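# Reading the structure
Below, each chain spelled out in residue letters.
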Amino acid sequence: MQDRPHPPPDVSRLLIAGRRNGSVSTAGRSRPSRYRRPSYQSSYSQPSQGDSSTRHMFNPHDYDSVNEYNPRDYGRVLGEGLYEQPHQSVGFWHPKMGKVRQHVLKLWVRTIVILMAFVFAALSLYWGVFYNVENNLRALEVHVVDMDSQVPPYNNVTALVGPAFTSLTRQIHSASLHQSLGYRIIPPGEYNYSPANVRRGVYNWDAWAAIVINPNATTMLLNAVRSGDASYDPTGAVQYIVQTARQETTTYNYILPQLQILTSQFTTQFGSNWTKMLLTNNSFSPVVLAQAPAAVNPAVVPLMIDLRPFAPLTATPTVSIGLIYLIIVAFFSFSFFLPIHNKYVQPKGHPPLHFWQLIIWRWLATVTLYLFISLTYSLVSLAFGVPFWQPPGSATEVAVSATAYGRGSFIVYWLINFFGMIALGVACENAAMVLGTPWTALWLIFWVITNVSTSFYSIELAPSFYGWGRAWPLHNVVQASRHIIFDLKSEIGLNFGVLFAWCVINTALFPLCCYFMRWRTEHEERVKLKERDRYVVCTPEGEREFLKKEGDKQPKVRRGFMRGI
């Protein structure tokens, strides 16, 4: 029968003889008192006035020192940190809080000044897009094409409608200074005397809108009042050609209101002159005129033709606010996934991964993430009824909900969102690694504002300063999305090219930013370690601490990703 091991003796109240100067003798050695911290002392180690037998005793926690315990060999002193007196809180106006109050106040004021300056500068970029919009309306060019009585067999009649319209547009253009559309009278020969070619020009973005006075405008009107044609349609003389889907905000806010003003003024001027002519000309019989009331008043009403209406309305997020979420998701993916990626370089039961391989892994993982996030974003538009299956429409006819590539439109839409996320997201990754917290929040504000300002509104109406916006990622994503969803003019090659250039540049900067983040993290950690009273060293068994002697330098650390951690 084996003997049970005896429990260790209780030495909690053991007193060990020592010298008065704070050192003890053991085997011819003396241990200085610097290994006995004041925090270890207890009531048993304090000299007593009434009991001289305990005056030269020291705490039992120093028992290891007489048994040749070396703190530099074992990393830490027994009980250290457990018996230190905790900090006592004090009031805000305590005398010892003076320096920290001054330091905090300085940092607080400095941060406020930085935030104020940044907010003013960043928001000015957004407000600036709308600066002098009224004076820049002439950048929205409107072609006025007068074909009235210029094409056989209608060229034997003196034109009335066409000259009235061209005269009015000249008058508005000269009288309103800059606050009118850019009316430009185009000789009909440039469009080969074809209204269909004018429509094609608007579709190809030769102009934001066009006013076409048909070749038979005056002929039809005169025939109606002479023959009493009750079926006369006053909207058949003049056409307004627009395409709202090119930029619905610009069309609704600026182009259509200006065209309505033009219509009102034309109706007033031409209507009064036309009525006066009918009443003073004896060749027009009142009885016949009564049979064609529409030819008498209003006589001419311009017809609005929207080649590409902005429909359905559920497409609004796909070319506006919805794209902001692509930036936000791409930005926050950095903070979500960086701790996961760093598990490769934290030696917990495994050696750390090579730095260059970690860079490759992070880039591939990030791009793969964008592939699936962009697919999810695209599926949301499909789920809410954006018709990605409609066939393309004609450039000269009204096409509602037409798409550029028919059933293949969704795949192209997904690809443009994917490349857009890479262009926007990897830039956010690089900025987050270089700037660090909390400055990355300012980067997000800057990135969103600059992209939104140059994407959701017409750059033509903005000051010339914003010309750089055409090279920004979101502008090209928006333009490509409009082309795909509404079958607008194709610049898909240019859009993909700009986004691909952003992808290449951001990918080239990605490794450099990773190295910079590693250097900055190590530098911050070394500064913290210099202020501590011990070393923290990563070993195969985990982190260990070693006391720092006065004059010791921080030990060198091995190479490796985030090697200071």
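Model, not experiment: these values are computed from the prediction. All residue numbers refer to position in the chain's written sequence, counted from 1. This being a predicted model, a pLDDT of at least 70 is required before a residue's local features are given, and a value of 80 or more before pairs of side-chain atoms are given or counted; all residues contribute to the totals for chains, interfaces and linings. Here the side-chain values reflect all heavy atoms present in the structure, with hydrogen atoms and water set aside.

### Thoughts on the environment of Val133
Every helix listed is a DSSP run of H or I at least four residues long, and every strand listed is a run of E at least two residues long, numbered separately from the N terminus. In this structure, Val133 sits in the loop between helix H3 (98-127) and strand E5 (141-146). When the C-alpha atoms of Val133 and Pro463 are compared, they prove to be 8.3 Å apart, with 330 residues separating the residues in sequence. Note on definitions: a residue-residue contact is assigned when non-hydrogen atoms from the two residues lie within 4.5 Å. Setting aside residues up to four positions removed in sequence, Val133 forms contacts with Tyr254 and Leu461.

### Some points on the sheet that holds E5
Note: strands within a sheet are paired through backbone hydrogen bonds, in either parallel or antiparallel orientation. The sheet built from 5 strands is open, its strands ordered E6-E5-E7-E8-E9 with mixed pairing. Taken across any chain shown, the strands that pair with only one partner, and hence form the sheet edges, are strand E6 (182-186) and strand E9 (303-306). Each strand of the sheet is rotated relative to its neighbour by a mean of 20 degrees, with strand direction disregarded. Most of the contacts of helix H4 (residues 161-175) go to E6, to which it runs at about 140 degrees, and overall it touches E5, E6, strand E7 (209-213) and strand E8 (238-242). When DSSP locates at least two bridges between a pair of strands, those strands are taken to pair. Only the contacting stretch of a helix is used when fitting its axis, a line to C-alpha atoms as for every element, and angles between N-to-C directions run 0 to 180 degrees.

### Regarding the side chain of Thr521
For Thr521, the location among the structural elements is in helix H15 (residues 492-531). Nitrogen and oxygen atoms within 3.5 Å of one another constitute a polar contact, given that in protein one can donate a hydrogen and the other can accept it, and given that sequence-neighbouring residues count only through two side-chain atoms. In this structure the side chain of Thr521 is engaged in a polar contact, spanning 2.7 Å, whose partner is the backbone oxygen of Met517.

### Focus: the pairing of E5
Type-normalised accessible area, obtained with a 1.4 Å probe on protein chains alone, sets the label of each residue: buried when under 20%, exposed when over 50%, and partly exposed for intermediate values. For E5, the buried fraction is high: 5 of the 6 residues fall into the buried class. Across 5 bridges, E5 lies against E6 in parallel orientation. Residue pairing in the sheet places Glu141 in a bridge with Gly182 of E6. Of the pairings in the sheet, the one linking E5 to E7 comprises 5 bridges and is parallel in character. What sits directly across from Val145, in E7, is Val212.

### With respect to the packing of H4 against helix H7 (residues 248-280)
Contact pair H4 / H7: the axes reach a minimum separation of 10 Å and the direction vectors enclose 125 degrees. Classified by the angle between their axes, H4 and H7 sit oblique to one another. By crossing handedness, the relation of H4 to H7 is classed as right-handed. In this structure, H4 uses Val161, Ala164, Phe165, Leu168, Thr169, Gln171 and Ile172 to contact H7, whose residues at the interface are Leu262, Gln265, Phe266, Gln269 and Phe270. Classification used: nonpolar for Ala, Val, Leu, Ile, Met, Phe, Trp, Tyr, Cys and Pro, charged for Asp, Glu, Lys and Arg, polar for all others including Gly. Here the residues of the contact of H4 with H7 are counted per class, giving 8 nonpolar, 4 polar and no charged. Angle categories are assigned with fixed cut-offs, so that under 35 degrees is roughly parallel, over 145 is roughly antiparallel, 65 to 115 is roughly perpendicular, and the rest are oblique. Working rule for handedness: look at the near helix, and if it is turned counterclockwise from the far one by less than a right angle, call the crossing left-handed; if clockwise, right-handed.

### A short note on the pattern of salt bridges
Salt bridges are counted wherever a side-chain nitrogen of Lys or Arg sits within 4 Å of a carboxyl oxygen of Asp or Glu. Within this structure, the stated rule accounts for 6 salt bridges. Arg308 serves as the salt-bridge partner of Asp487, at 3.2 Å between the closest nitrogen and oxygen. Of this pair, Asp487 sits in the loop between helix H14 (473-486) and H15 while Arg308 sits in the loop between E9 and helix H10 (322-341), placing them 179 residues apart in sequence. Just as Asp487 is buried, Arg308 falls in that class too.

### Structural notes on the nonpolar core
Put simply, a nonpolar core is a bunch of buried Ala, Val, Leu, Ile, Met, Phe, Trp, Tyr and Cys residues held in one set by side-chain atoms that sit within 4.5 Å of each other. Among the nonpolar cores identified, the biggest contains 59 residues, and Trp447, Leu474 and Phe486 are the most heavily contacted of them. When contributions to this core are tallied by element, the ones reaching two or more residues are H10, helix H11 (355-383), helix H12 (409-435), helix H13 (439-453), H14 and H15. The element best represented in this core is H12, accounting for 15 residues. Once you skip the residues sitting within four places of it in the chain, Leu474 turns out to touch Leu323, Ile327, Leu424, Asn451, Val452, Ser455 and Phe456. In terms of nonpolar packing, the next biggest core, distinct from the first, is built from 39 residues, Leu168, Ile172, Val238 and Phe270 among them.

### Here's the deal with helix H6 (residues 217-227)
Every buried residue belonging to H6 is among Ala217, Thr218, Thr219, Leu221, Leu222, Ala224 and Val225, and all of these are buried. Packing partners of the buried residues in H6 comprise H4, E7, H7, helix H8 (286-291) and helix H9 (293-296). Directly after H6, the chain includes Gly228, whose backbone phi takes a positive value near 70 degrees.

### Some points on the packing of aromatic side chains
The criterion for an aromatic pair is that two Phe, Tyr or Trp rings (for Trp, the six-membered ring) have centres within 6.5 Å, with stacked assigned to planes under 30 degrees apart, edge-to-face to planes over 60 apart and tilted to the rest. Taken as a whole and judged by the stated rule, the model has 26 aromatic pairs. A ring pair is formed by Phe92 and Trp93, whose centres lie 5.0 Å apart and whose planes are at 90 degrees; its orientation type is edge-to-face. For the pair formed by Phe92 and Trp93, the shared burial category is exposed. On the numbers, 4.8 Å between centres and 75 degrees between planes, the contact of Phe130 with Tyr457 is edge-to-face. With Phe130 in the loop between H3 and E5 and Tyr457 in the loop between H13 and H14, this pair connects stretches of sequence that are 327 residues apart. Judged by relative accessible area, which is 35%, Phe130 ranks as partly exposed. Ring-pair connections join several aromatic residues into one group, and the members of that group are Trp443, Phe446, Trp447, Phe465, Tyr466, Trp468, Trp472 and Trp502. Here, a charge over a ring is recorded when the distance from Lys NZ or Arg CZ to the ring centre is within 6 Å and its angle to the ring normal is within 35 degrees. The ring of Phe92 carries Arg101 above its face, with NZ or CZ at 5.7 Å from the centroid. Here Arg518 stacks its cationic end above the ring of Phe355, 4.6 Å away from the centre of that ring.

### As for unusual backbone geometry
Cis geometry marks the peptide bond from Asn297 to Pro298, where omega comes out at 20 degrees. Locating Pro298 in the fold gives a position in the loop between H9 and E9. Backbone torsion omega between Thr437 and Pro438 reads 0 degrees, so that peptide bond is classified as cis. A positive phi angle, near 60 degrees, is found at Asn132, a position not held by glycine. As for its position among the elements, Asn132 is in the loop between H3 and E5. The backbone phi angle of Trp205 is positive, close to 70 degrees, even though this residue is not glycine. On the secondary structure map, Trp205 appears in the loop between helix H5 (195-203) and E7.

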